[in-house]
Amino acid sequence: MISSETEETHRRGRFRPGYKSAAGVFAVGMMGTTLPTPLYGLYREQIGFSELVVTVVFAAYAVGVIVALLVAGGFSDVLGRRPLLLAALGLAALSAACFLAEGGLPLLFAGRVLSGFSAGVLSGTGTAAVLELAPPGKRGRAGLAATAANMGGLGLGPLVSGILAEYAPAPLKLPFAVHLGLLAVASLTVWLLPETVPRRDPRPSLRPQGMSVPPEVRGVFGPCALAAFAGFSVLGLFTAVAPAFLDQTLGEHNLAVAGAVVFCVFCASTCGQLLMGRIGTRRALPWGCAVLVAGLLLIGASLLLKSFPILLIGVATGGVGQGMAFRAGLTEVSSAAPEIHQGATISAFFVVAYIGISLPVVGVGAMTLALGLRGAGLVFAGCAVLLVTAVGAWLRHNLPPEPEHA
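Since this is a predicted model, take the numbers as computed values, not measurements.

Q: Help me out: how do you make sense of helix 9 (residues 174–192) in this one?
A: Along an α-helix, residues three or four apart share an orientation, since each turn contains 3.6 residues. The end-to-end C-alpha separation of helix 9 is 28 Å, in line with the 27 Å expected for 19 residues at 1.5 Å each. Inspection of helix 9 places Pro175, Phe176, His179, Leu183, Ala186, Thr189 and Val190 among the buried residues, and these make up the whole buried set. Down the axis of helix 9, the sector holding all buried residues measures 120°, keeping them to one side. Among the exposed residues of helix 9, those pointing more than 90 degrees away from its buried face are Val185, Leu188 and Trp191. Buried positions along helix 9 lie against helix 2 (19–34), helix 3 (40–48), helix 6 (81–100) and helix 8 (139–167).

Right under this line is the structure:
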């Protein structure tokens, strides 16, 4: 007769979902953060507001992410992964409900802020859960799964909503109803996941993580964070205004195509992150910046020539460069940080990156009032090229070479 303890061990080992299921939960949660991307033009027509307001609504998401990172970045280390995953999925469901009940700008802002809270909680907790649930021999695969889930989820959001909005009824409702259904399945999966954080008695108090950069990290933190800032500004630009660029500048009105273009950005970023592992951190930083500059130049050329094929090549190139520079910068910063300050240092890095996803995009929205969307896009591309070139040159000449292994 099998003891109850053995039965429980058998049940957990064979029937409980593992790191692949956690990666699926991660992807579903992140998917909601970009779901509205192809729909902003429809909201603009229905409610009646400018491109500047579109970018401000988008930036509200980044505000939510930053607040969540600063306040709750380390809460899952105390409360456990499962409660924080459920909280993140709950916030995503509330965000979807705001969009379903959409009746004007206030609910759009509320939906985006809640989505930001969800992403801020989910990004660290989801990554940790995927890594911790992996068997000892599959940590490398789990790391790739976490990366793919994060960027893949962000890319799937606009792809799914664009297809549904273009080819199915109720374009402003159905994408969020579908996401609510996926969130329900993801929540059930989380209930079945084993907890990976051991319970501690008495439980440590919950404290906001805050933002700090130790003195010994500041030399490398600045340029790496600036590279992340520039790369995320490109992601933010396409996530916020790509459909409007395609519609107003390139004459492409299909929402599914708009969603697919944004999907390509995130897929290319994932490829760049995977490529970083092959060429090494120190080389990936300047090379990532160089590839990002090439992508920005192609994007600028596509606006000047009104060429959709050049835009696609620029999107793919810029996404690869962003992924290389971002993952290399994060690796460099986390390696340089003392262990006791690592969590706060990484959070600070993400805060700078998410400022990059919001402020430049709002600047583009403001410039559209005077220059139009095409002119604003060209100014953005030019400024980003100057910034990334300067950062890449600094990294090329100031980072020591990677140590050789015998």
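Q: Sorry, what's going on with the confidence of the model for the protein here?
A: Segments scoring low in pLDDT should not have their predicted coordinates read at a detailed level. On average, residues of the protein score 84 in pLDDT, and 89% of them are at 70 or above. Mean pLDDT values for the elements of the protein range from 42 in helix 1 (residues 4–15) up to 96 in helix 9. Low pLDDT (under 50) marks residues 1–15, which in the prediction has 4 contacts with non-local residues, meaning those over four places away or in another chain.

Q: Mind showing me how you'd approach a nonpolar patch on the surface here?
A: A contiguous nonpolar patch, built from Val63, Val67 and Val71 and spanning about 220 Å² of accessible area, is present on the exposed surface. Looking at the secondary structure, you find Val71 in helix 4 (residues 51–72).

Q: Would you take a moment to explain the packing of helix 10 (residues 218–249) against helix 13 (residues 308–336) for this structure?
A: Running from N to C, helix 10 and helix 13 point in directions that differ by 150°, and their axes come no closer than 9 Å. Our classification of the angle between helix 10 and helix 13 gives roughly antiparallel. The hand of the helix 10/helix 13 crossing is left-handed. Counted together, Val220, Phe221, Cys224, Ala228, Gly231, Phe232, Leu235, Phe238 and Leu246 of helix 10 and Phe308, Leu311, Val315, Gln322, Phe326, Gly329, Glu332, Val333 and Ala336 of helix 13 form the full contact between these two elements. Taken together, the residues of the contact of helix 10 with helix 13 break down into 14 nonpolar, 3 polar and 1 charged.

Q: What is the right way to look at the environment of Leu52 in this model?
A: In this fold, Leu52 is placed in helix 4. For the pair Leu52 and Leu369, spaced 317 residues apart in sequence, the C-alpha separation works out to 7.6 Å. Discounting residues that sit within four places of it in the chain, Leu52 has contacts with Val362, Gly365, Ala366, Thr368 and Leu369.

Q: Looking at this model, I keep getting lost on helix 3. Mind explaining?
A: Those residues of helix 3 that fall on the buried side of the exposure criterion are Tyr40, Gly41, Tyr43 and Arg44. The arc that holds every buried residue of helix 3, seen down its axis, measures 160°, which confines them to one face. The inward-facing, buried residues of helix 3 abut helix 4, helix 6, helix 7 (105–133), helix 9 and helix 10.

Q: Hey, could you run me through the nonpolar core in this one?
A: Soluble, globular proteins show a tendency: their nonpolar side chains are buried together. In this structure, Tyr43, Val130, Phe221, Phe238, Leu296, Phe349 and Tyr354 are the most contacted members of the largest nonpolar core, which totals 114 residues. Among the elements that line this core, the one with the most residues is helix 10, at 19 residues. If near-sequence neighbours (up to four positions away) are discounted, Phe238 is found in contact with Thr37, Pro243, Val261, Val262, Val265, Ile299, Leu311 and Val315.

Q: Can you help me understand the side chain of Ser302 in this one?
A: Assignment of secondary structure puts Ser302 in helix 12 (residues 281–305). Since its relative accessible area comes to 0%, Ser302 is described here as buried. Those residues in contact with Ser302 that lie beyond four places of it in its chain are Leu250, Ser307, Ile310 and Leu311.

Q: Whenever I open this one, the environment of Arg199 confuses me. Can you help?
A: Relative to the elements of secondary structure, Arg199 occurs in the loop between helix 9 and helix 10. Here Arg199 falls in the exposed class, since its relative accessible area comes to 79%. Along the sequence, Arg199 and Val78 sit 121 residues apart, while their C-alpha atoms lie 8.1 Å from each other.

Q: What is the right way to read the packing of helix 6 against helix 7 from this model?
A: Two quantities define a packed helix pair, namely the angle between the axes and the distance from one axis to the other. Interaxial distance between helix 6 and helix 7 falls to 8 Å at its minimum, and their mutual angle equals 155°. With respect to helix 7, the axis of helix 6 lies roughly antiparallel. In this structure, helix 6 meets helix 7 at a crossing whose hand is left-handed. Here the contact of helix 6 with helix 7 is built from residues that sort into 17 nonpolar, 6 polar and 3 charged.

The rules behind each value
- Residues numbered from 1 in each chain as written.
- Predicted model: local features only at pLDDT ≥ 70, side-chain atom pairs only at ≥ 80, totals over all residues.
- Heavy atoms only, no water.
- Helix = DSSP H or I, 4+ residues; strand = E, 2+ residues; numbered from the N terminus.
- Expected span 1.5 Å × (residues − 1).
- Buried < 20%, exposed > 50% of the residue type's maximum accessible area, 1.4 Å probe, protein only.
- Arc of directions from axis to C-beta.
- Contact = heavy atoms within 4.5 Å.
- pLDDT = per-residue confidence, 0-100.
- Patch = residues over 30% accessible without salt bridge, like charges linked within 9 Å, V, L, I, M, F, W, Y side chains within 5 Å.
- Areas by Shrake-Rupley, 256 points an atom, 1.4 Å probe, with all protein chains shown as cover.
- Salt bridge = Lys/Arg side-chain N within 4 Å of Asp/Glu carboxyl O.
- Axes fitted to C-alpha atoms, helices over the stretch in contact; angles between N-to-C directions.
- Parallel < 35°, antiparallel > 145°, perpendicular 65-115°, else oblique.
- Left-handed = near helix turned anticlockwise from the far one by under 90°.
- Nonpolar A, V, L, I, M, F, W, Y, C, P; charged D, E, K, R; others polar.
- Core = buried A, V, L, I, M, F, W, Y, C linked by side-chain atoms within 4.5 Å.

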